[in-house]
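# Observations on the three-dimensional arrangement
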Amino acid sequence: MNELTTDLKSLHEATLGNLKSSKANNTLRAYKSDFKDFSAFCAKHGFNTLPTEPKIVSLYLTHLSKNSKISTLRRRLVSISMVHKLKGHYLDTKHPIIVENLMGIRRIKGSIQKGKKPLLINHLKLIINVINEQKVNEVKKLRDKSIILIGFGGGFRRTEIISIDYEDLEFVSEGLKIYIKKSKTDQFGEGMIKGLPYFSNEIYCPVTNLKKWLEVTQIKSGPIFRRFSKGSSLTDKRLTDQSVVLLIKKYLNLAGIENKNFAGHSLRSGFATVAAESGADERSIMAMTGHKTTQMVRRYIREANIFKNNALNKIKI
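Residues numbered from 1 in each chain as written. Predicted model: local features only at pLDDT ≥ 70, side-chain atom pairs only at ≥ 80, totals over all residues. Heavy atoms only, no water.

The number of helices and strands found in the protein is 13 helices and five strands. Scored against the burial criterion, the 317 residues of the protein give a buried share of 40%. Of the contacts made within the protein by residues no fewer than 6 positions apart, 60% connect residues no fewer than 24 positions apart. (Helix = DSSP H or I, 4+ residues; strand = E, 2+ residues; numbered from the N terminus. Buried < 20%, exposed > 50% of the residue type's maximum accessible area, 1.4 Å probe, protein only. Contact = heavy atoms within 4.5 Å.)

Structure follows, in structure tokens:
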């Protein structure tokens, strides 16, 4: 009996491990953060947190709706549900009291969500120019330019940018091939290859700048984007994804651009928007960004063409 109990315990632990491994670390951190907020709400009102019940979750969503977007409510609901699953509890998130409440909140608040601003070509050039003007370590400037240009040129998520290793790169006559081992929409690690061609203008060329960065630093293995120590010496430690956000905001600010509504995702959405403005079709944009569905890409295309295909242009006054 003891041996059977030990086996079941081992299987239980392995199953929990598999469930956790099915999610990216950032996703698990988001679940914990969201559930912590839900726990604080329950503690304040004397409700059970784990397991909870649909009625309590519905009250929590109503509480959140006063100051939060619909997308935030949906994410919190997913987080609460996933924590219950990971702990072996069932929560009916399709219960009418939750579904109907969300529908009501959506009707009251409206469903249009204003995302982070895309980093467009004019922003990109201003950022690179302002980096070149800084009176700091030239090597650090080269790293920061490479991060931003590669992030934009490949339509990368910030986690993908900092995850690139030297072994993932292949310079060819046409430009650069980057092998992406895993991404948000590729949790099973099937991978994909992005191709970045050379730009005619070397100042803003992601391939040229990255090649210079690797030549100067002599990086031959491991992470290509690394931290500098306080003494401005390059370490072998990989940058965090938050560093990408901080760099974008820092240089936008130095360029005199309000940076509040920009984030790491601005590089990815900026690529998609600029590509759409330039006439790229949704399939070629998706081939670069790795989007699995057309919904988001079509939104970028619509926004890029909001003035180009505007019916008002046909009216002569």
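Here we take up the packing of aromatic side chains. Here the structure, examined in full by the defined rule, presents five aromatic pairs. Aromatic pair phenylalanine 35 and phenylalanine 38: ring centres 5.7 Å apart, planes at 55°, arrangement tilted. A residue pair is termed a helical-turn pair when its members lie 3 or 4 positions apart in one helix, as phenylalanine 35 and phenylalanine 38 do in helix H2 (residues 25-45) at three residues. On the accessibility criterion, phenylalanine 38 (0% relative accessible area) is buried. Among the aromatic residues, those joined into a cluster by ring pairs are Phe35, Phe38, Phe41, Phe47 and Tyr60. For lysine 194, the ring lying beneath its charged end belongs to phenylalanine 156, and the centroid distance is 4.2 Å. (Phe/Tyr/Trp six-rings, centres within 6.5 Å; stacked < 30°, edge-to-face > 60°. Lys NZ or Arg CZ within 6 Å of the ring centre and 35° of its normal.)

It is worth spelling out the pairing of strand E1 (residues 169-172) at this point. Sheet analysis places E1 next to strand E2 (residues 175-180), joined by four bridges and oriented antiparallel. Opposite leucine 169, over in E2, you have isoleucine 178 as the bridge partner. In this structure, the hairpin formed by E1 and E2 is closed by a connection of two residues. (Pairing = 2+ DSSP bridges.)

Right, let's talk about the packing of helix H6 (residues 121-133) against helix H10 (residues 241-254) for a bit. Geometry of a packed helix pair, given as the angle between the helix axes and the separation of the axes. At a minimum axis separation of 9 Å, H6 and H10 run at an interaxial angle of 80°. The angle between H6 and H10 places the two elements in the roughly perpendicular class. The residues of H10 that touch H6, namely those facing Ile127, Val130 and Ile131, are Tyr251, Leu252 and Leu254. When the residues that make up the contact of H6 with H10 are grouped by side-chain class, the tally is six nonpolar, no polar and no charged. (Axes fitted to C-alpha atoms, helices over the stretch in contact; angles between N-to-C directions. Parallel < 35°, antiparallel > 145°, perpendicular 65-115°, else oblique. Nonpolar A, V, L, I, M, F, W, Y, C, P; charged D, E, K, R; others polar.)

Quick look at unusual backbone geometry now. For the bond running from leucine 50 to proline 51, omega is 0°, close enough to zero to count as cis. Note on placement: proline 51 falls in the loop between H2 and helix H3 (54-65). Positive phi is not limited to glycine here, since glutamine 218 has a value of about 60°. Assignment of secondary structure puts glutamine 218 in the loop between helix H9 (206-217) and strand E4 (226-228).

Summed over all chains, the structure comprises 12 salt bridges. Across the pair arginine 76 and aspartate 34 runs a salt bridge whose closest N-O atoms are separated by 2.9 Å. Of this pair, arginine 76 sits in helix H4 (residues 70-86) while aspartate 34 is found in helix H2, placing the two residues 42 residues apart along the sequence. You'll find arginine 76 and aspartate 34 in the same group, each marked buried. In this structure, arginine 143 engages aspartate 144 in a salt bridge whose closest nitrogen and oxygen atoms are separated by 2.9 Å. There is no split in this pair, since arginine 143 and aspartate 144 are both buried. (Salt bridge = Lys/Arg side-chain N within 4 Å of Asp/Glu carboxyl O.)

This brings us to H6. In a regular helix each residue adds 1.5 Å, so 13 residues correspond to 18 Å; H6 covers 18 Å between its end C-alpha atoms and thus fits that length. Looking only at H6, the buried set comprises His123, Leu124, Ile127, Ile128, Val130 and Ile131. Mapping the buried residues of H6 onto a view down its axis gives an arc of 165°, with all of them on the same face. (Expected span 1.5 Å × (residues − 1). Arc of directions from axis to C-beta.)

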